[in-house]
Amino acid sequence: MKTKYIIISIIAAFMLASTSCSLDFEPQNVIKGDAVSEDNFDAMLAPMYNLYWFNFNDKFYFGLGDGMAFNLLAPGSGYIKPFCDLSVTATSEGLQEAWNSFYITIQQSNKILIDIKNSAVIEEEKRPFLAEIRFMRGLAYWHLVSLWGNVIISEDPSGLIDNPLVNVNSQKDAYEFAIRDMEYAAKYLPETSKSTGRINRYSAFGMLSRFYLAYSGFVASDYGVNPNCGTRDITYLELAKKSAEKVINNPSFQLMENYPDLFKIENNNNSESLFAFQWVPGSSAQVGWGVTNSQQRFLACSSEITGGDAWGDYTFCPYNMISEYEPEDTIRRKATWMGYGDYYPEISKANGGYTYMAHASGDASTQLNVKKGVTGSNRDNPAIGTNNSGLDNYMLRLAEVYLNYAEAILGNNASTSDAAALTYFNAVRTRSIRPASLSAKTSIAWEDLRYERRIEFCLEGRYWYDLVARAYYKQQEMINYINGQDRGTVPSILFTAPNSLRINPDNDPQIREVGTAVSGTFRLPYPEGDAIKNPKLNEPPVPYTFTEERITDLFND
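I will try to describe carefully the structure that is included in this document.

Definitions and limits used
Residues numbered from 1 in each chain as written. Predicted model: local features only at pLDDT ≥ 70, side-chain atom pairs only at ≥ 80, totals over all residues. Heavy atoms only, no water. Helix = DSSP H or I, 4+ residues; strand = E, 2+ residues; numbered from the N terminus. Rg over C-alpha atoms; globule rule 2.2 N^0.38 Å. Buried < 20%, exposed > 50% of the residue type's maximum accessible area, 1.4 Å probe, protein only. Expected span 1.5 Å × (residues − 1). Core = buried A, V, L, I, M, F, W, Y, C linked by side-chain atoms within 4.5 Å. Contact = heavy atoms within 4.5 Å. Disulfide = S-S within 2.5 Å. Axes fitted to C-alpha atoms, helices over the stretch in contact; angles between N-to-C directions. Parallel < 35°, antiparallel > 145°, perpendicular 65-115°, else oblique. Left-handed = near helix turned anticlockwise from the far one by under 90°. Salt bridge = Lys/Arg side-chain N within 4 Å of Asp/Glu carboxyl O. Pairing = 2+ DSSP bridges. Phe/Tyr/Trp six-rings, centres within 6.5 Å; stacked < 30°, edge-to-face > 60°. Lys NZ or Arg CZ within 6 Å of the ring centre and 35° of its normal. 1 Å grid on protein atoms, 1.4 Å probe; cavity = no way out; pocket = protein on both sides within 12 Å on 5 of 7 lines; lining within 4 Å. Points joined across faces, edges and corners; volume = space filled by probe spheres on them. Nonpolar A, V, L, I, M, F, W, Y, C, P; charged D, E, K, R; others polar.

Description of the overall build of the chain
1) Next: A count of helices and strands for the chain gives 22 helices and 14 strands.
2) Next: A globule of 557 residues ought to have a C-alpha radius of gyration of about 24 Å, and the chain, at 23 Å, matches this closely.
3) Next: The principal-axis extent of the C-alpha atoms belonging to the chain is close to 70 × 50 × 50 Å.
4) Next: Across the 557 residues that make up the chain, the buried fraction comes to 62%.

The structure is reproduced here in structure tokens:
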């Protein structure tokens, strides 16, 4: 796949650009001016599948997405602890890097969009590439608006280089900007991917099901004026349903049969994957920094697994998380967390596989370590390199679209027995909780969806965004939920595979000082470096003037 192989000069240019702490860097491209042609569009777009997102993926992906949601606990980690403890500040580790990563993606997108628009290539041939770029830019803005609210909207980086003192635009306008980008992508991306791992229009429709579903609560709250309005906008719920249906009705996409297979390197870009970062297999930190999936070094509990760096021994599963699993939900638990006695044949193959016996007390573990995203060493698979798991981690998979569809049908109802909603909800649930005849639901409510989202996507960086979306229209409920997680108490546990959990009566719980969730918890502080460089970040937002009409015929075909 072409997007996997990035020329070193692009990596070097990116590294120079990423040293800036703001969005006012000079975008770098190897291909410029008259050299821009359809023949090199693919090379221009390649870094959008890995390089530009690297500093987001490196630590923030799970530190924020799972740490802030309390799916993950690491009391000694600077890149997880502030999020777990609700003590995030403008200088918290990972904040600046993620902000930079989003804006690098945006400004590189803007530069390439301008270059392609100004090229001599005919309009019809430009559009699929423009759509691919706008998918990436729209996704970057969706992250920004979900996490920071009011952010700077930029379509041309040139002005920001000369004058980085720019007002933020409103959360409403930034949300609409992200949606418009993704709608353009859904309109003009090709029906099928140009090559393995590349997005197509169904990737965009899947993302729109996420965007519309979240936005429905924000619209109903009068764009944040009444975050406890309790209902969602019907128009956007219907759009979320229609977007999900577009994906569901495409037979090219299917759930993987076995949940653990989703997280094995040999199944990168499988039938369930709608968009995943594309990391260069076999590359190491020394020669491929920026195009490698570096997460394993932070998550793996032992160098016995990785053959190198492994800093995740005290990055573990909180009691609130492990106690959430239903006793029968053993398949997803084992694929996500290592517990006493779990055996993984794909790791340490030369030794006959790996059996987790760490942190043992008798016949039980006193904590569970991370499995999802931990793939082993180069001896297990040549795609693995030094500080490179070789795994193309998901940004969107079909299971989420199924749950989005069910939730859009649930809408503002307390529960639903709608046959279509149950079909797709149960498809996700019964894949992992067997027998299906006992685990299938005959009616679902928000709590059922919340459980499935948390368990299904645990350690995939998603759950915090689900809580934020709920907080748009039921903020106090989400504040109560977060505070009810009792993040300051760490019980002494004993765990034995497959799902035997008990409190150790001989040890008192550890008590930690943590923050309290309040309304402001759902917005991150702007990174200190950017706030100093551009004090207008903390001034009231200004309206954004859109330069094109919004697409209105997405669902006519």
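Quick notes on helix 16 (residues 398-410)
1) Next: Compared with an ideal rise of 1.5 Å per residue, which puts 13 residues at 18 Å, helix 16 spans 19 Å between its outermost C-alpha atoms and is within 8% of the ideal.
2) Next: Positive backbone phi, approximately 55 degrees, marks Gly411, located one or two places after helix 16.

Overview of the nonpolar core
1) Next: One finds Phe60, Phe135, Leu139, Trp148, Phe275, Trp337 and Trp464 to be the most contacted residues of the largest nonpolar core, which totals 158 residues.
2) Next: Looking at which element gives the most residues to this core, the answer is helix 6 (residues 123-148), with 14 residues.
3) Next: For Phe135, the residues in contact, after removing those within four places along its chain, are Met182, Ala185, Leu189, Ile199, Ser203, Ala204, Met207 and Phe275.
4) Next: Core analysis: the next-biggest nonpolar cluster, separate from the first, contains seven residues, Met256, Phe263, Ala335 and Tyr394 among them.

Notes on the state of the cysteines
1) Next: In the structure shown here, the tally under the stated rule is zero disulfides.
2) Next: For the unlinked cysteine Cys458, the closest cysteine sulfur is that of Cys317, found at 6.4 Å.

Describing the packing of helix 6 against helix 9 (residues 201-220)
1) Next: With their axes 11 Å apart at the nearest point, helix 6 and helix 9 run at an angle of 20 degrees to one another. Considering their axes alone, helix 6 and helix 9 lie roughly parallel with respect to each other. The two elements helix 6 and helix 9 meet at a crossing, and its hand is left-handed. Contacts between helix 6 and helix 9 involve Phe135, Gly138, Leu139 and Trp142 on the former and, on the latter, Ser203, Ala204, Met207, Arg210 and Phe211.

Some words on the pattern of salt bridges
1) Next: Scanning all chains against the criterion turns up 41 salt bridges.
2) Next: Ionic pairing is found between Arg332 and Asp329, a salt bridge with its closest N-O pair at 2.8 Å.
3) Next: Overlapping salt bridges, with partners in common, bring together Glu272, Glu326, Asp329, Arg332, Lys372, Arg397, Arg429, Arg431, Glu452, Glu456 and Glu460 in one network.

Describing the environment of Asp466
1) Next: You can see Asp466 is positioned in helix 20 (residues 463-471).
2) Next: With 13 residues separating them in the primary sequence, Asp466 and Arg453 have C-alpha atoms 8.0 Å apart.

Points about the pairing of strand 13 (residues 500-503)
1) Next: Both strand 12 (residues 493-496) and strand 13 contribute to a ladder of four bridges, which runs antiparallel. When the bridges of strand 13 are listed, Ile493 appears paired with Ile503.
2) Next: Counted between consecutive antiparallel strands, the loop separating strand 12 from strand 13 contains three residues.

Thoughts on the packing of aromatic side chains
1) Next: If you walk through the whole model with that rule in mind, you get 48 aromatic pairs.
2) Next: With a centroid separation of 6.3 Å and 90 degrees between ring planes, the pair formed by Tyr103 and Tyr141 is classed as edge-to-face. Taken together, the residues span a long stretch of sequence, with Tyr103 in helix 5 (residues 95-117) and Tyr141 in helix 6 at a distance of 38 residues. As far as burial versus exposure is concerned, Tyr103 and Tyr141 are alike and both buried.
3) Next: In this structure, Lys172 is placed above the aromatic ring of Tyr223, and the distance from its NZ or CZ to the ring centre is 5.0 Å.

With respect to empty space enclosed by the protein
1) Next: Taken as a whole and assessed by the stated rule, the structure comprises seven cavities of 30 Å³ or more.
2) Next: Size it by volume and the largest cavity reaches roughly 170 Å³.
3) Next: Lining of the largest cavity is provided by 16 residues; of these, Leu213, Ala214, Glu407, Asp466 and Ala469 occupy positions nearest its centre.
4) Next: Elements represented by at least two residues in the lining of the largest cavity include exactly helix 9, helix 16, helix 19 (446-456) and helix 20.
5) Next: Ranked by residue count, the leading element in the lining of the largest cavity is helix 20, at four residues.
6) Next: When the residues that make up the lining of the largest cavity are grouped by side-chain class, the tally is seven nonpolar, one polar and eight charged.

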